[in-house]
Amino acid sequence: MADYIEDIDKFLKRLFPINRSITGDGNRETLRILQEIIPLEIKEYPSGQKVYDWTIPREWRVKDAWIKNSKGQKVIDFKDSNLHVVGYSVPVSRKIKLSELKGYLHYLENLPEAIPYRTTYYYETWGFCISYNDYIKYFNDDETYEVLIDSQLKDGGLSYGEFLIEGGKNSGEILISTYICHPSMGNDNLAGVVLTALLAKELSKRKLNYSYRIVFAPETIGVIAYCCNNETEMKKINTGFVVTTIGGPGKFGYKQSWQRDHFINKVTEEAFIKNNIDYIKYPFDIHGSDERQYSSQGFRINTISITKDKSYEYPYYHTSLDNLDFVKPEYIQESLHLYLCVIEKLEKSRILDVHVQPDSTRFSSQGEVYKNLYPFCEVMLSKHGLLSGMGGSQLPVNGVIEELDIILWLLFYCDGKMSLSDISLKTGIPLDSLRYVALKLKDKRLLVKNVKKGIHCDVSS
Ligand code: ZN
């Protein structure tokens, strides 16, 4: 493998300041810069397009944003950090007392230097993210402030990049996917974007047995749109990688694919062992990144993610301190080498030639059986009143099963074959809790209860 340290450094510095979101010119500019590395095709899905349970939103643009104190001095300025404005904020221009403004300010008392990252893609509001230090320094209870967010939400498109590398005669296809929607943060996920482009460059120089589908799309909505528009192709994919959080100083790890015994997990572990790297093994979990969509019932693609400071686990996650001091080109180069090593093993082993599609019929199917009516990708939970809160702020709590976890596991496993008892055994969630939430999802018409296994669906009630 070539030494990419200088390239990594150069692209990190150029891409870091760009204001990215799930739509907008920042994403187009990012993809255009990546075209200097690989011949990426840049495409768009139009606002308003229905993609499974979701709709492509309007495009968001922000020109300027600031907060001025009563003396007219700018105390918070979007020009200093893209993270200052809550992503997808609607326009606002008004004078406001701190008592009211407080409801629109986000800061982290436990990380006083950090500006948090927050988004409001599907709920029309506005907000500013500031460091707690700035909050203490600039904001006084009896003062009136002037706030401006000069933003626009209008019909446009959601941009994504695609690069297909044709392999030899073998029909196997491997997915490499990463997300481009995060503004100025290093490990999540600029490091992953740069790594993916260089990995694709390296692969395109090689003689390969298998084909590779490289996707740069906004997380969640972008990948849902991609899956919906490429359903037939996606169903043929054998395995893949979701490239995220690979550039931090922490210990290496990997998140297993949804089927623990799948060959991709074994091959990944062999690559760690071959390189004498001690690693953390994260079992598959329904939270995380775009593996949520790829492993949904309609696709069931086994994807893994190699991590170096995994999402949720490092203190700077989703803050301005996840910057280019935290992420280093050397770390990204190491992760790139590991991904290549896994791919070399896949290519050599020819394991995809004999791969059979996953099957869940081995489950007992006795007892209560439900079926998810939305098997392709995840449903838009907020639309069904199942998720509240601002994007960027929700963190799963280790070892604590919350209702959201149960909802996600039920939607993941309820395929009309696995019973609630099977799901309880598999996830460790008590049967009573599964039953309680399943009934709630049935009321919301997300699940139907099968009267007999897989034959009659109880759609009427
Ligand atoms: Zn993130």
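Residues numbered from 1 in each chain as written. Predicted model: local features only at pLDDT ≥ 70, side-chain atom pairs only at ≥ 80, totals over all residues. Heavy atoms only, no water.

(A) Summary view of the overall build of the protein chain. A tally of regular secondary structure across the protein chain gives 13 helices and 19 strands. Radius of gyration (C-alpha) of the protein chain: 23 Å, near the 23 Å computed for a compact globule of 461 residues. Principal-axis analysis of the C-alpha atoms gives the protein chain an extent of 70 × 60 × 40 Å. By the burial criterion, 58% of the 461 residues in the protein chain qualify as buried. Long-range pairs, those at least 24 residues apart, make up 81% of the contacts in the protein chain with a sequence separation of at least 6. Between the centroid of the 57 positive side chains of the protein chain and the centroid of its 60 negative side chains there is a distance of 4 Å. (Helix = DSSP H or I, 4+ residues; strand = E, 2+ residues; numbered from the N terminus. Rg over C-alpha atoms; globule rule 2.2 N^0.38 Å. Buried < 20%, exposed > 50% of the residue type's maximum accessible area, 1.4 Å probe, protein only. Contact = heavy atoms within 4.5 Å. Lys, Arg positive; Asp, Glu negative; His and termini not counted. Charge placed at Lys NZ, Arg CZ, Asp CG, Glu CD.)

(B) Structural context of the coordination of the zinc ion. The coordination sphere of the zinc ion, as far as protein atoms go, consists of His-182 (NE2), Asp-188 (OD) and His-318 (NE2), spread over 2.1 Å. Look at where the donors of the zinc ion fall in the sequence and you get H-x5-D-x129-H. Residue His-182 is found in the loop between strand S11 (173-179) and helix H5 (186-204), and its partner His-318 is found in the loop between strand S16 (302-308) and helix H10 (329-349); the two are separated by 136 residues along the sequence. Judged by its relative accessible area of 6%, His-182 falls in the buried class. Judged by its relative accessible area of 9%, His-318 is buried. (Donors = N, O, S within 2.8 Å, 3.2 Å for Na, K, Ca; no water.)

(C) Examining the pairing of strand S5 (residues 74-77) more closely. As paired elements, strand S4 (residues 59-68) and S5 share three bridges and run antiparallel to each other. Considered in S5, the bridge of Ile-67 is made with Ile-76. Counted between consecutive antiparallel strands, the loop separating S4 from S5 contains five residues, among which Gly-72 sits at a positive phi close to 85°. (Pairing = 2+ DSSP bridges.)

(D) Main features of the sheet that holds strand S6 (residues 92-97). Strands sit in the order S5-S4-S9-S6 across an open sheet of four strands; the sheet is antiparallel. Looking at the sheet topology across the chains shown, the edges are occupied by S5 and S6. Across this sheet, the average inter-strand angle for adjacent strands is 20°, counted without regard to direction. Relative to strand S9 (residues 144-154), S4 runs antiparallel, the two being bridged by nine bridges. Pairing of Ile-67 across the sheet is with Val-147, part of S9. (Axes fitted to C-alpha atoms, helices over the stretch in contact; angles between N-to-C directions.)

(E) Expanded view of empty space enclosed by the protein. Evaluated as defined, the whole model comprises five cavities of 30 Å³ or more. Put simply, the largest cavity is a space of about 140 Å³. If you go around the largest cavity, you meet 13 residues; those closest to its centre are Cys-377, Glu-378, Leu-408, Leu-411 and Phe-412. No other element matches the three residues that helix H11 (residues 403-413) contributes to the lining of the largest cavity. (1 Å grid on protein atoms, 1.4 Å probe; cavity = no way out; pocket = protein on both sides within 12 Å on 5 of 7 lines; lining within 4 Å. Points joined across faces, edges and corners; volume = space filled by probe spheres on them.)

(F) Seen up close, the pairing of strand S10 (residues 157-165). Burial analysis of S10 places eight of its nine residues in the buried class, which makes it a mostly covered element. Bridge count for strand S1 (residues 41-46) against S10 is six bridges, and the pairing is antiparallel. Within the sheet, the bridge partner assigned to Glu-44 lies in S10 and is Ser-159. Two strands pair when backbone bridges link them, and S10 and strand S12 (residues 211-217) are joined in this way by five bridges, in the antiparallel orientation. Its bridge partner lying in S12, Gly-161 is registered against Phe-216.

(G) Local environment of the packing of helix H1 (residues 5-15) against helix H2 (residues 25-34). Relative to each other, H1 and H2 sit at 160°, their axes nearing to 11 Å. It follows from the interaxial angle that H1 and H2 lie roughly antiparallel. You can see that H1 and H2 cross each other, and the crossing is right-handed. Residues Phe-11, Arg-14 and Leu-15 of H1 form the contact with H2, whose participating residues are Thr-30, Ile-33 and Leu-34. (Parallel < 35°, antiparallel > 145°, perpendicular 65-115°, else oblique. Left-handed = near helix turned anticlockwise from the far one by under 90°.)

(H) Just the sheet that holds S10, in detail. As summarised here, the arrangement of the eight strands in space is S1-S10-S12-S11-S13-S16-S14-S15, forming an open sheet in which the pairing is mixed. The sheet terminates laterally at S1 and strand S15 (280-282), the two strands that pair on one side only. Each neighbouring strand pair of the sheet contributes to a mean axis angle of 25°, computed without reference to strand direction. Across three bridges, the pairing between strand S14 (residues 252-255) and S15 is parallel.

(I) Quick peek at the side chain of Thr-120. One can find Thr-120 in the loop between strand S7 (105-106) and strand S8 (128-129). What makes Thr-120 buried here is its relative accessible area of 7%. Look past the residues within four positions of Thr-120 in its chain and what remains in contact with it is Val-86, Gly-87, Tyr-88, Ser-89, Thr-125 and Met-390.

(J) Up close: the nonpolar core. Tyr-212, Phe-216 and Phe-241 are the most contacted members of the largest nonpolar core, which totals 60 residues. In terms of residue count, the dominant contributor to this core is H5 (10 residues). If you look at the next biggest cluster of nonpolar residues, it comprises 50 residues, including Val-92, Ile-149, Leu-153 and Met-234. (Core = buried A, V, L, I, M, F, W, Y, C linked by side-chain atoms within 4.5 Å.)

(K) How the structure looks around the packing of aromatic side chains. With the rule as written, the count across this model stands at 30 aromatic pairs. Each ring, one from Tyr-314 and one from Phe-326, has its centre 5.2 Å from the other, and the planes form 15°; the classification is stacked. Remark: Phe-326 occurs in the loop between S16 and H10 and Tyr-314 occurs in the loop between S16 and H10; sequence separation between them is 12 residues. The pair Tyr-314 / Phe-326 is uniform in exposure class, with both members buried. On the numbers, 5.4 Å between centres and 65° between planes, the contact of Tyr-316 with Phe-326 is edge-to-face. Taken together, the residues Tyr-316 in the loop between S16 and H10 and Phe-326 in the loop between S16 and H10 connect sequence positions 10 residues apart. In this structure an aromatic cluster arises from ring pairing among Trp-54, Trp-60, Tyr-88, Tyr-121 and Tyr-122. Of note, Arg-300 hangs over the ring of Trp-258, and the distance from its end group to the ring centre comes to 4.6 Å. The ring of Phe-252 has Lys-308 sitting right over it, with the charged end atom 5.2 Å from the ring centre. (Phe/Tyr/Trp six-rings, centres within 6.5 Å; stacked < 30°, edge-to-face > 60°. Lys NZ or Arg CZ within 6 Å of the ring centre and 35° of its normal.)

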